[in-house]
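What the coordinates show
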Amino acid sequence: MAAEPDADRAAARSGHIPVFLERTIELFRPVVEAAVEEDRQPVLVDGTLGLGGHTSHLLAEFETLRVLGVDRDPDALEMATRRLIAYRERFTPVHARFDDFDAVVAALPEDSRDGVGPTIDGILLDFGVSSMQLDVADRGFAYSVDAPLDMRMDPTTGPTAADILADYSRDELARIFRVYGEERFARQIASAIVRRRESDPLRTSTELVELLYDTIPQGARRTGGHPGKRVFQALRIEVNAELEAVENAVPGYLDLLRLGGRAVFMSYHSLEDKIVKRELSTRTASRTPAGLPVELPGHGPEFAAVTRGAEKASPTEIDHNPRSASVRVRCVRRIDGRTP
Ligand SMILES: C[S@@+](CC[C@H](N)C(=O)[O-])C[C@H]1O[C@@H](n2cnc3c(N)ncnc32)[C@H](O)[C@@H]1O
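Please read these numbers as outputs of a predicted model, since none were measured by experiment.

On a plain count of helices and strands, the protein comes out with 15 helices and 7 strands. Taking 340 residues into account, the globule formula puts the C-alpha radius of gyration at 20 Å, and the protein, at 21 Å, falls close to it. Structurally, the protein occupies a C-alpha span of about 65 × 60 × 40 Å along its principal axes. Within the protein, contacts between residues separated by at least 24 positions form 70% of all contacts whose residues are at least 6 apart in sequence. Surface accessibility of the protein: about 15900 Å² in total, with carbon and sulfur atoms responsible for 50%. Separation between the mean location of the 44 positive side-chain charges and that of the 55 negative ones in the protein comes to 6 Å.

Take a look at the structure:
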């Protein structure tokens, strides 16, 4: 595989190893083989391209596969595009949120259609932030590095973490720390932020970490890990409206999948996995009205589960790739055709 040195170096430096790589390739193999049998070139959307880790291996493994690589982070998209230069005939970069279906559908190859309209063979969503984003100090994602409190995956648009800390009410701040960060001291932290900003708004990660050290009782700090971990995660989820994007994307991509097509979702936060699980259990259930003794023709499930529940990383993978420790992977395949 010919690869662009900068992006490879960045991937190596950030210790980036794609999560569940071998399994992901196997989950998509039947889709590619079916397309080849039908004399078609399959199309997969990688909605979270990142540094192109999964995509580079998928393109190397399946020589007819075409991939639309979507990322809202223009830097990631540029690095991945350079890394994938050897595959430029089969790779299309798209700068968009993964739930921007107008942008995604507009970038699909002309021939990627079924009887209903534009369609895809596969969707991969590896949610969350990339190791590269965590590593680049001035993006403000990391609590361990002093930087302006930005945290936008797409730095060209939307409010920053500093804006949220300056503008949200105490109740709103407490809610995001409690719900997205599962932070026990959410209320106390929100109150401390509101007090502090009356005289001096929080601008940098170090200022926020210092406030957290002053607010979270010392005893709790000994057992609860770094005080920044949960609050930074909560702010990142809010800044990027991450859960809203997942809510939109899961049903939207399931609708786009052609018969036999597969969706693979990788969640790292319990709330992401909950959204995925809820939608998949609806779509893998019978659509025959409850109480009827037999399945009505055309009212069977649209999708079948490929993974049994959520799959977790093996201890060996976690050893090599700590990011995989919290992953929950779910895969379904379409078993009933799309309706217009
Ligand atoms: C965990 S990384 C993906 C890593 C990738 N699978 C690889 O192997 O290199 C997640 C990527 O998705 C992007 N991302 C997260 N949420 C997004 C969204 N709503 N729309 C588009 N991109 C998003 C982030 O910018 C980040 O680059």
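So, on to the UniProt feature "binding site: S-adenosyl-L-methionine" (unreviewed entry) in the protein. Following the UniProt record, one finds the feature "binding site: S-adenosyl-L-methionine" (unreviewed entry) at G52, G53, H54, D71, F98, D126 and Q133. Positionally, F98 belongs in the loop between β3 (91–95) and α5 (101–107). Ignoring sequence-local partners within four residues, the contact set of F98 consists of G47, T48, V70, V104, L125, F127, A245, V246, A249 and Y253. What makes D126 buried here is its relative accessible area of 10%.

Ordered by their spatial adjacency, 7 strands build an open sheet running β3-β2-β1-β4-β5-β7-β6, and the pairing between neighbours is mixed. Only two strands of the sheet have a single partner each, and these edge strands are β3 and β6 (303–305). Shown here is a sheet whose adjacent strand axes are inclined to one another by a mean of 20°, direction ignored. Across the sheet, helix α2 (residues 21–37) touches β1 (43–46), β4 (120–126), β5 (257–267) and β7 (328–334), and the angle it forms with β5 is around 165°. Across the face of the sheet, helix α4 (residues 74–83) comes into contact with β2 (66–71) and β3 while running at roughly 170° to β3.

Axis angle and axis distance: for two packed helices, these are the angle between their axes and the distance between the axes, and together they describe the pair. Contact geometry of helix α8 (residues 170–179) with helix α9 (residues 186–199) gives a least axis separation of 8 Å together with a crossing angle of 140°. Taken together, the axis directions place α8 and α9 in an arrangement best described as oblique. With respect to the hand of their crossing, α8 and α9 are arranged in right-handed fashion. Contacts between α8 and α9 pair R170, D171, L173, A174, F177 and R178 from the former with A186, R187, I189, A190, S191, I193, V194 and R197 from the latter. A per-class count over the contact of α8 with α9 returns 8 nonpolar, 1 polar and 5 charged.

Here we come to the packing of aromatic side chains. Inspection of the entire model under this criterion finds 3 aromatic pairs. One cation-aromatic arrangement involves R323 over Y268; the distance from NZ or CZ to the ring centre is 4.1 Å.

So, on to the environment of L173. Looking at the element boundaries, L173 is found in helix α8. As for L173 and A186, which are separated by 13 residues in sequence, their C-alpha atoms are 7.8 Å apart. Ignoring anything within four residues of it in the chain, the contact list for L173 reads I164, L165, Y168, A190, I193, V194 and R197.

Calculation notes
- Residues numbered from 1 in each chain as written.
- Predicted model: local features only at pLDDT ≥ 70, side-chain atom pairs only at ≥ 80, totals over all residues.
- Heavy atoms only, no water.
- Helix = DSSP H or I, 4+ residues; strand = E, 2+ residues; numbered from the N terminus.
- Rg over C-alpha atoms; globule rule 2.2 N^0.38 Å.
- Contact = heavy atoms within 4.5 Å.
- Areas by Shrake-Rupley, 256 points an atom, 1.4 Å probe, with all protein chains shown as cover.
- Lys, Arg positive; Asp, Glu negative; His and termini not counted.
- Charge placed at Lys NZ, Arg CZ, Asp CG, Glu CD.
- UniProt positions renumbered as here; feature names shortened; annotations may be inferred.
- Buried < 20%, exposed > 50% of the residue type's maximum accessible area, 1.4 Å probe, protein only.
- Pairing = 2+ DSSP bridges.
- Axes fitted to C-alpha atoms, helices over the stretch in contact; angles between N-to-C directions.
- Parallel < 35°, antiparallel > 145°, perpendicular 65-115°, else oblique.
- Left-handed = near helix turned anticlockwise from the far one by under 90°.
- Nonpolar A, V, L, I, M, F, W, Y, C, P; charged D, E, K, R; others polar.
- Phe/Tyr/Trp six-rings, centres within 6.5 Å; stacked < 30°, edge-to-face > 60°.
- Lys NZ or Arg CZ within 6 Å of the ring centre and 35° of its normal.

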